[in-house]
Amino acid sequence: MIGNNWDIYLKEEFQKDYFQELLKFVNEEYQTKTIFPPKNEVFNAFRYTPYEEVKVVILGQDPYHGVGQAQGLSFSVRDTVAKPPSLQNIFKELESDLGIPFPKKNSLIPWTKEGVMLLNSVLTVEKDKAASHRDKGWETFTDRVIQILNQKEEPIVFLLWGSYARAKKSFITNPKHLIIESAHPSPFSAYNGFFGSKPFSKANAFLRKNGQKEIDWHIE
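Being a predicted model, the structure only gives us computed values, none of them experimental.

Parameters at a glance
Positions within a chain are numbered from 1, following the residues in the order the chain's sequence is written. Per-residue local features are limited, in this predicted model, to residues with pLDDT of at least 70; the limit for side-chain atom pairs, both in listing and counting, is 80 or more; totals at the level of whole chains, interfaces and linings are taken over all residues. For side-chain calculations, the full set of non-hydrogen atoms in the structure is used, while hydrogens and water are omitted. Elements are defined by DSSP. Helices are runs of H or I of four residues or more, strands are runs of E of two residues or more, and each kind is numbered from the N terminus. To estimate how far a helix should extend, the number of its residues minus one is multiplied by 1.5 Å. Any residue under 20% of the maximum accessible area for its type is buried, any over 50% is exposed, and the rest in between are partly exposed; the area is computed with a 1.4 Å probe on protein chains only. What the arc covers is the set of directions going from the helix axis to the C-beta atoms. In what follows, residue pairs with any heavy atoms lying within 4.5 Å of each other are defined as contacts. Only one rule defines a salt bridge in this text: a Lys or Arg side-chain nitrogen within 4 Å of an Asp or Glu carboxyl oxygen. When DSSP locates at least two bridges between a pair of strands, those strands are taken to pair. As a rule, the C-alpha atoms of each element are fitted with a line to give its axis, helices using only the stretch in contact, and angles between N-to-C directions run from 0 to 180 degrees.

Q: How do you make sense of the environment of Asn 174 when you look at a structure like this?
A: Residue position: Asn 174 is located in the loop between helix 8 (163-166) and strand 6 (178-182). As a C-alpha pair, Asn 174 and Leu 149 span 25 residues in sequence and 9.5 Å in three-dimensional space.

Q: What should I look at first to understand helix 3 (residues 17-32) in this one?
A: Residues spaced three or four apart along an α-helix face the same direction, because each turn holds 3.6 residues. Here helix 3 contains 16 residues, and its C-alpha end-to-end distance of 23 Å stays within 8% of the 22 Å for a straight helix at 1.5 Å per residue. Burial in helix 3 covers these residues: Phe 19, Leu 22, Leu 23, Val 26, Glu 29 and Tyr 30. Across the axial projection of helix 3, the buried residues extend over an arc of 125 degrees, all falling on one side. Exposed and facing more than 90 degrees away from the buried side of helix 3 are Asp 17, Glu 21, Gln 31 and Thr 32. Taken together, the buried residues of helix 3 touch helix 2 (11-15), strand 1 (35-36), strand 4 (125-126) and helix 7 (138-150).

Q: Explain the pairing of strand 3 (residues 116-120) to me, please; I cannot follow it from the model alone.
A: On a regular strand, each side chain points to the face opposite its neighbour's, so the side chains alternate between the two faces of the sheet. Within strand 3, five of the five residues are buried, leaving the element largely enclosed by the surrounding structure. Here strand 3 shows two buried faces, one formed by Val 116, Leu 118 and Asn 120 and the other by Met 117 and Leu 119.

Q: Looking at this structure, I do not really get the pattern of salt bridges. What am I missing?
A: Any two side chains of opposite charge can pair, on the condition that their charged atoms come close. Inspection of the entire model under this criterion finds 13 salt bridges. Across the salt bridge formed by Asp 62 and Arg 134, the nearest N and O atoms sit 2.6 Å from each other. With Asp 62 in the loop between strand 2 (56-60) and helix 5 (85-98) and Arg 134 in the loop between strand 4 and helix 7, the pair connects residues that are 72 residues apart, well separated along the chain. Put simply, Glu 154 and Lys 152 hold a salt bridge, and the shortest N to O gap is 3.4 Å. Residue Lys 152 is classed as buried on the basis of its relative accessible area of 2%. A network of salt bridges, in which partner residues are shared, links Glu 29, Lys 33, Glu 126 and Lys 129.

Q: What is the right way to look at the pairing of strand 2 in this model?
A: With five of five residues buried, strand 2 lies mostly within the body of the structure. Neither face of strand 2 is open: one carries Val 56, Ile 58 and Gly 60, the other Val 57 and Leu 59, and all of them are buried. Relative to strand 3, strand 2 runs parallel, the two being bridged by five bridges. Residue pairing in the sheet places Val 56 in a bridge with Val 116 of strand 3. In the sheet, strand 2 pairs with strand 5 (residues 157-161) via four bridges, with the strands oriented parallel. Opposite Val 57, over in strand 5, you have Phe 158 as the bridge partner.

Q: What should I look at first to understand the sheet that holds strand 6 in this one?
A: With parallel pairing, four strands are arranged side by side in an open sheet as 3-2-5-6. Strands at the two margins of the open sheet, each flanked by one partner only, are strand 3 and strand 6. In this sheet, neighbouring strand axes are inclined to one another by 20 degrees on average, regardless of whether the strands run parallel or antiparallel. Sheet strands in contact with helix 7 are strand 2, strand 3 and strand 5, and its direction is about 155 degrees off that of strand 3.

Structure, rendered in structure tokens:
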């Protein structure tokens, strides 16, 4: 389904009844409504960052629900649309933290190639209807993904921004991993602990300490 080692780790999950029901629901939605991201991009987080390459996980909630935005990666949008406010604030913190200039581009695909998995908890959404595909089965699937990553021997950094993502830390029990949590980068909460949290330099310091190559956080 995905085309890399994730297929091995998720084989049992793909065969479960809930996942088959989820796929049936999603396929019907794509046939009758406008659903984002495009169907061939739903599993982009897995395709761009194979299991063995995951060093950092940034957990989001739902895909963006505006036309041309979602590309199957948390917080990332295509370069052809305007930057959403949360992404703008991520880039502001990146500049403050590491001195990386505010990028002209939007897509975070360069991060995925560095080992950053951009995982949403829910992987599809109906146009202009935020959270429309919640509680359909995606959360069961992505919670299992977090549990599988928790079993990884190599240390991983989990960036949990906001209460929704922070609630997932109960699945991250392996002491080898690092959890960095803060407020969400949304304009409603960024000043309550996201700005100044320095997640990018903290992640790199942890990777360096554990003998791993740091993430190059540049977008362009």
